[in-house]
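Analysis of the macromolecular model
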Amino acid sequence: MSTAPAPAVTAATAAAAAASSRATGPVLATAATAMGLMSGLFFAFDVSVMPGLAAGDDRTYVTAMQHINTAITNPVFGAVFVGALAMPAVGTWLLHRSGQRAATLWTAVAALLYLAALVLTGAVNIPLNDRLAAAGDPAGITDFAAVRAAFAPTWTTANIARTVLCTAALAALTRALLVHRRPAAR
């Protein structure tokens, strides 16, 4: 009795592997794009938004950050925010299935770095955003300096860490794309 797989199963497996391989490049490119957008967003806050707000008065700072935190909760941001984790995760799975170990490793590193940024966001930035919102309408806030002082230093430091994590994740995805493209990596 033969233990070799039936030809139909082998052909189906080969077809699935080929489809998976064709999808890998676009998935990695989409992952890198989403990661670049997240890295750029956090970087823009580090180098322009936060320094610009820091130069203003406490009322302007608190009011602007409340408006920014409200405006950023939208479907486009949500798709990129989630996609920057989902796409590297899918890419890792596709690369693993195709046996591309080096590219798999770089893509997994990117996913883990972004996951760390998400954990930081959930542990630090979102609770601070929620506390800032809970301060209420600026018309009713009596001590803007205290509200700002309870928010700005920690939020800004955590955002710098998110920028570093996302930039490192983007570099890892770039490396994964380069390794994936090499014929020797297959």
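Each remark here, short or long, concerns the structure printed above.
A quick note: this is a predicted structure, and the numbers were derived from the prediction, not measured.

Observations concerning the overall build of the protein chain
Each helix and strand counted, the protein chain has five helices and zero strands in total. Helices and strands in the protein chain line up, N terminus first, as α-α-α-α-α. The burial tally for the protein chain puts 35% of its 186 residues in the buried class. Put simply, of all contacts in the protein chain between residues at least 6 apart along the chain, 80% involve residues at least 24 apart. Entry remark: accessible area of the protein chain is about 9800 Å², with carbon and sulfur atoms responsible for 72%.

Some details on the packing of aromatic side chains
For the structure shown, the criterion picks out five aromatic pairs. Between Phe-151 and Trp-155 the ring centres are 5.8 Å apart and the planes differ by 20 degrees, which places this aromatic pair in the stacked class. Highlighted residues: Phe-151 and Trp-155, both in helix 5 (residues 144–181), separated by four residues, approximately one helical turn. For Trp-155, a relative accessible area of 4% corresponds to the buried category. Among the aromatic side chains, those forming a connected cluster through ring pairs are Phe-45, Tyr-61, Phe-151 and Trp-155. Against the face of Trp-155 rests Arg-162, its NZ or CZ located 5.5 Å from the ring centre.

A closer look at helix 4 (residues 101–134)
Here helix 4 spans 47 Å end to end across 34 residues, near enough to the 50 Å set by a 1.5 Å rise per residue. At the exit of helix 4 stands Gly-136, carrying a positive phi of roughly 95 degrees.

Notes on the nonpolar core
Among the nonpolar cores identified, the biggest contains 21 residues, and Met-35, Met-38, Ala-84, Ala-110, Tyr-114, Cys-166 and Leu-173 are the most heavily contacted of them. For this core, the leading source of residues is helix 1 (residues 7–54), giving seven residues. In this view, Ala-110 contacts Met-35, Ala-169, Ala-172 and Leu-173; residues no more than four positions away in its chain are not counted.

Cut-offs and rules
- Residues numbered from 1 in each chain as written.
- Predicted model: local features only at pLDDT ≥ 70, side-chain atom pairs only at ≥ 80, totals over all residues.
- Heavy atoms only, no water.
- Helix = DSSP H or I, 4+ residues; strand = E, 2+ residues; numbered from the N terminus.
- Buried < 20%, exposed > 50% of the residue type's maximum accessible area, 1.4 Å probe, protein only.
- Contact = heavy atoms within 4.5 Å.
- Areas by Shrake-Rupley, 256 points an atom, 1.4 Å probe, with all protein chains shown as cover.
- Phe/Tyr/Trp six-rings, centres within 6.5 Å; stacked < 30°, edge-to-face > 60°.
- Lys NZ or Arg CZ within 6 Å of the ring centre and 35° of its normal.
- Expected span 1.5 Å × (residues − 1).
- Core = buried A, V, L, I, M, F, W, Y, C linked by side-chain atoms within 4.5 Å.

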